[in-house]
Amino acid sequence: MSETPRADPSPRRRPGPPGTRFREVHGFEELDSTNRYLLDVARGAEGLVAVADHQRAGRGRWGRTWEAPPGTGLLLSVLLRPRLDPADLHLLAVAVAMAALSTCVEVGVEPRLKWPNDLVVGDRKLAGILAESPDPSALVVGLGLNVSWSPPGATSLVAEGGHPPPPGDLVDGFLLALEPRLAALGSPEGRHETMTRYRALCATLGRTVSVELPGENVVGRAVDVDDSGRLLLDVDGASRTVTAGDVVHLRDH
Ligand code: BT5
C-alpha cells in the first residue's frame, strides 16, 4: 500500500475545461496515487485535478488497493473546498459518482449505483470512488473507472461495448459533467434533487443486502437512501440506518 516517499515527477499542466471550477489539470505518466498527490498539495485552492496513466499504489477504501495496468483506466482525483455543512461533505462523492455515471452513458454504457458510490453493471464493478479529507474544509475525491481492463469479476467500458474517447476527452467530459452536480449541492433544493436522482439510479434499493460494519454484519432489505445519503434497512421488521460500511448485494429469491 504505502511506499517510501519520493519526490513527485513534474506534472504536465493544462487548464481544465472552460466554465468549470477546475482551473488546472496535473497529468502524470505514473504516480503512486492521485489521491495521495492532491492530499499533499491540498493547501492549493479548490479546483485542482490530478490524472495518472498508471498508479503504483492506487488506494481503495479501508486500506484496500485499486489496480489497473498502465493506460487502461481513468484514474483521477479532484480537490474540492465546498461551502457545505460538514455533515453533507459525503455528498461530494455522490456528485462524483453521478458525473461518472453520466460520462459512461455518453460513451454507450449504462451503469447503476451501488450504495454508497460504486458504479456497477449487473453485479460487476465498473468504477469506485474514494474520498479523503486533508483538512476540515477540503475533500479529495478520487475516481477509478475501468476503461479497457478490469480484474476478474469486474467490468470495463470496453467490455460493456462502450466507445470511450481518448483519455483527455474522457477527463474533460467527466469534469464538465461534475461541475453542475457540484453546483447543485449549494442549495437545499439542489441537494434534494441530487438525492432523488441518486435513488432512481441506485441498484441497491429493494435488494437484500449484507452490510459489514465495524465488528458487526447486518443483513436486511435496502428500503431507502435518505437526503443525507444514509442507507435505510429493514432488518426483520425493524428499521436500521447505516452511514458507512461495505454492502454486498445478496441474491433475492
Ligand atoms: C474503491 O475502493 O472502489 C475506491 C477506488 C478509488 C480508486 C481511485 S483511482 C484514482 C484515485 N487515486 C487513488 O489512489 N484512489 C482513487 P473499494 O470499495 O475499497 O474497492 C477496492 C476493491 O475493489 C479492491 O479490494 C478489489 O477487490 C477491487 N478492485 C481493485 N481494483 C479494481 C478495479 N480496477 N476494478 C474493479 N474492482 C477493483
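Refer to the structure presented above.
Residues numbered from 1 in each chain as written. Predicted model: local features only at pLDDT ≥ 70, side-chain atom pairs only at ≥ 80, totals over all residues. Heavy atoms only, no water.

Caption draft 1: A look at the pairing of strand β6 (residues 118-121). Residues Asp-118 and Val-120 line one face of β6 and the alternating positions Leu-119 and Val-121 line the opposite face, and both faces are buried. Counting the residues in the hairpin turn of strand β5 (residues 112-114) and β6 gives 3 residues. Of the pairings in the sheet, the one linking β6 to strand β7 (residues 124-135) comprises 3 bridges and is antiparallel in character. By the bridge assignment for β7, Val-121 is matched with Arg-124. Where β6 folds back onto β7 in an antiparallel hairpin, the turn is made up of 2 residues, including Gly-122, whose phi is positive at roughly 60°. (Buried < 20%, exposed > 50% of the residue type's maximum accessible area, 1.4 Å probe, protein only. Helix = DSSP H or I, 4+ residues; strand = E, 2+ residues; numbered from the N terminus. Pairing = 2+ DSSP bridges.)

Caption draft 2: Broad picture of the site of the ligand. In the vicinity of the ligand lie 26 residues, with Ser-33, Arg-59, Arg-64, Glu-67 and Lys-125 positioned nearest. Arg-64 places a side-chain nitrogen or oxygen 2.7 Å from an oxygen atom of the ligand. For the ligand, the protein covers 88% of the area, taking 790 Å² as the surface of the free molecule. Every element with two or more residues in the shell around the ligand is listed here: α1 (34-40), β4 (73-80), β7 and β8 (138-146). Residues of the shell around the ligand, tallied by class, amount to 9 nonpolar, 12 polar and 5 charged. (Near = heavy atom within 4 Å. Polar contact = N/O pair within 3.5 Å; in protein donor to acceptor, adjacent residues only side chain to side chain. Areas by Shrake-Rupley, 256 points an atom, 1.4 Å probe, with all protein chains shown as cover. Nonpolar A, V, L, I, M, F, W, Y, C, P; charged D, E, K, R; others polar.)

Caption draft 3: A look at helix α2 (residues 91-106). Here α2 spans 23 Å end to end across 16 residues, near enough to the 22 Å set by a 1.5 Å rise per residue. Most of α2 is tucked away: 13 of the 16 residues are buried. Of the residues trailing α2, Gly-108 is marked for its positive phi of about 100°. (Expected span 1.5 Å × (residues − 1).)

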